[in-house]
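Remarks on the overall topology
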Amino acid sequence: MAGGGTRAAGAEVRAVDDHGVAVGLDGLVDGSGYWSRKGVLAGIERTGRYLDGTWEPGGPQDGPGTAGEGSWTRFMGRLGAVALRAAVEPTREERRRRLLALLEIWADSPFAEPRAGRIRTGLVRVADGDPVAVRDERGAAVAVGWAPGGLRTFVDLRTGEAEPPSLGTIEEVAGVPRGGWGSAGQVRRLVDLARERGPVPWDLDAVAALRDGTGMGRAAASFALAGMLTAGYLPRLDDRERKIHGLKVAEIEDGVREPGRMATLDRLDLAADVLPEDPAELWEPHGMRAVAQRLAQAWRERYGRRTVVPPRTFDAVLDLHLPLLSAGRFCAAFTDHDRIPGLGSDLDTWIRTSDFRPFPTADGWSLVEFQETLRTVVPHLFQVYAELPAGDPVRAGAPGLVRALLERLDHPGLLLDAGHLSPTAGRTVADVQDRFGSRPYAGPEPLDVASLDDGLTVVVDGTVDRRGDRSQPELYFRPAFYCDDDRSRTLRAARSGSRYDPDVELVEWLRGPVCARLVERLDDPTLPSGSYETHPAHSAPEVLEQVVTALGVDDDAAALYLQLLTLWAPSDRNIRTWNGWKAARHQKAAAVLVERGLVVEDKRPRAGRGLFLPGEWIHAAKPYHPMEAWKADLLGVRRSSNGRLDNPLPLPARTLPELFAHAWASVVEGRGPSA
């Protein structure tokens, strides 16, 4: 059988071009570049046959052939994740054929039902020229991929009591999970049923059950139920797949990001045992709902259950086009902040050297999670306060989240990013010893560049690139010691101020009076449940009465005028949501403002409304909002170099009652919008 090809498991398997297996397995294996090569199915099939003694290579260096980089060995005991993806309707047909071929090969291999102590995987150090596969009366071992440090991943099989032969010095070894879904019989039955009956019909009620059972967003729940909870797989959804999932493009893009940094093994473990013992149950009317229940249980055991937020809240967060967090993770920061890494307990950090630049780090991903939360939540806290109704779980969680952030910032062991040293201050650490002293930074890991540490600020020399140019020194600071003292003023004066979302400004705002007043408004129980603070009748009735009296209009027209003066996105849809108006009531109020010459009617791209303040209009590209120049000045929105509003909204300087009052005072004082 030397040099034999794929086992004759069936006509479907023989006809498959396994070059496309890489895409079908995307997210369930590592090293996607290796998986793009041909011979994947043959490599897995021949490895199994070599181990059980039914295939013989042509020579000592002619092993069974590799499949990807070898991470397919993790399928042992976890094949349910692959089988789920192969069975369900959203999977594209050409991918399904390859996955079913893989499953058929797997069912005929020793990997399908590994007995305790008989089969294992690990890392082995193989010398140049050593064979990549060995076999004798004790068993067999095969090198199936590459690993860092000159190691090879291997799988071996023991036939008796003695240890199997080895390819070299074994550095690491592990058994494979036993039990659970994936016996040879189960796999064969699922393959036969999928080919006879077609894919398992999709069930949107099952998706809803998974969402409700976990707190995931609808898109992430749909992807998880399809075995597709991975960033690499989803961007290649076609129109048919999107239609089956019932998702908009924005939801898909967000759902891809929701799992965060879930590793390949995490995805395999999550879905390893969610399929029914008898695969035929999948095709029963509630088959997928049972899968959803088991998947939800597996999710809760690993990650807990997030608070389920109303669909309108989730959609409102989607509209923010968050750059760092998915909508689900953003909402969870407000509703379940005690379970967010870096928010539930203090962070101890230190500075680590890298080829790119020195950077603060902590155990695991906790500091990254904390910084992503800080840099996303604070710039969008005003939208949560203003555009979600009283009683909404995300809005209600905002004060607790702010308090948790403030507690973490008070921990002396936390280091955050303060940007680059300004070129006017100096170009190396040595240039600023007169400002920051001469004591170097002392952390648990030695730095290979010069540094200074005055207790608040750490200054670290930049890295040298291939041309020999050194980047500007990096600045880091301990927010626990940041205040209105000489050290803090020195830091502020030395910063370049050019980095996007610098942590210094976020810390200042969180500890400042505007944030305190905003939290006070969020804690105020007098706002009726379901009402919005963007409606001046609820948040600024005194200002509303002044407008009514001064303009001689009714409450509705006065409220609409204040909203057009102050709110960054007063689209028709938003106004009707915030005010609880039907279209006719909105149109009646608008007609009054047009008749008085207070606004102009027009059609403008991406405005979502037909009424505008007189004067210049400034365009913006997504995700930023176009608006009147007068309002941009009022809100402090900066124009970009091309004259557009392609910049984030600044951190707020006023609460909504204050903003309504300030805008109206400008009008009264003759500084209102004019043509």
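Residues numbered from 1 in each chain as written. Predicted model: local features only at pLDDT ≥ 70, side-chain atom pairs only at ≥ 80, totals over all residues. Heavy atoms only, no water.

**Regarding the environment of Leu25**
Quick note on the threshold: Secondary structure elements follow DSSP: runs of H or I no shorter than four residues count as helices, runs of E no shorter than two count as strands, and numbering proceeds from the N terminus. Accessibility here uses a 1.4 Å probe with only protein chains present; expressed as a share of the type maximum, an area under 20% marks a residue as buried, one over 50% as exposed, and anything in between as partly exposed. Residue contacts are defined here by distance: any two heavy atoms, one from each residue, within 4.5 Å place the two residues in contact.
Turning to its location among the elements, Leu25 is positioned in the loop between helix H2 (21-24) and helix H3 (32-35). Take Leu25: its relative accessible area is 0%, and that puts it in the buried class. Each C-alpha atom, one on Leu25 and one on Leu123, is 23 Å from the other, the two residues being 98 residues apart in sequence. Apart from residues lying up to four places away in sequence, Leu25 is in contact with Trp35, Phe75, Val82, Arg85, Leu99 and Leu102.

**Focus on the state of the cysteines**
Note the cut-off: Count a disulfide wherever a pair of cysteine sulfur atoms falls within 2.5 Å.
Applying the stated criterion across every chain, the model contains 0 disulfides. Here Cys331 is not disulfide-linked; the sulfur of Cys515 is the nearest cysteine sulfur, at 19 Å. Exposure remark for Cys331: the relative accessible area of 3% places this residue in the buried category. Left unpaired, Cys515 is separated from the closest cysteine sulfur, that of Cys483, by 18 Å. Judged by its relative accessible area of 1%, Cys515 falls in the buried class.

**A short note on the side chain of His411**
Just so we agree on the cut-off: We define a polar contact as two N or O atoms separated by no more than 3.5 Å, with the added condition that, inside protein, one atom must be a possible hydrogen donor and the other a possible acceptor, whereas residues neighbouring each other in sequence contribute only through side-chain atom pairs.
Mapped onto the elements, His411 comes out in the loop between helix H18 (398-409) and strand E8 (416-420). You can call His411 buried: its relative accessible area is 15%. Polar side-chain contacts of His411 include one of 2.7 Å to the side chain of Asp348. Once residues lying within four places of it in the same chain are set aside, the contact partners of His411 are Asp346, Leu347, Asp348 and Ala480.

**What about helix H27 (residues 583-595)?**
This is how the line gets drawn: One less than the residue count of a helix, multiplied by 1.5 Å, gives the span that helix is expected to have.
The end-to-end C-alpha separation of H27 is 18 Å, in line with the 18 Å expected for 13 residues at 1.5 Å each. Those residues of H27 that are buried are in contact with helix H25 (555-566), helix H26 (572-579) and strand E13 (611-612). Just downstream of H27, Gly597 is the residue with a positive phi angle, here 75 degrees.

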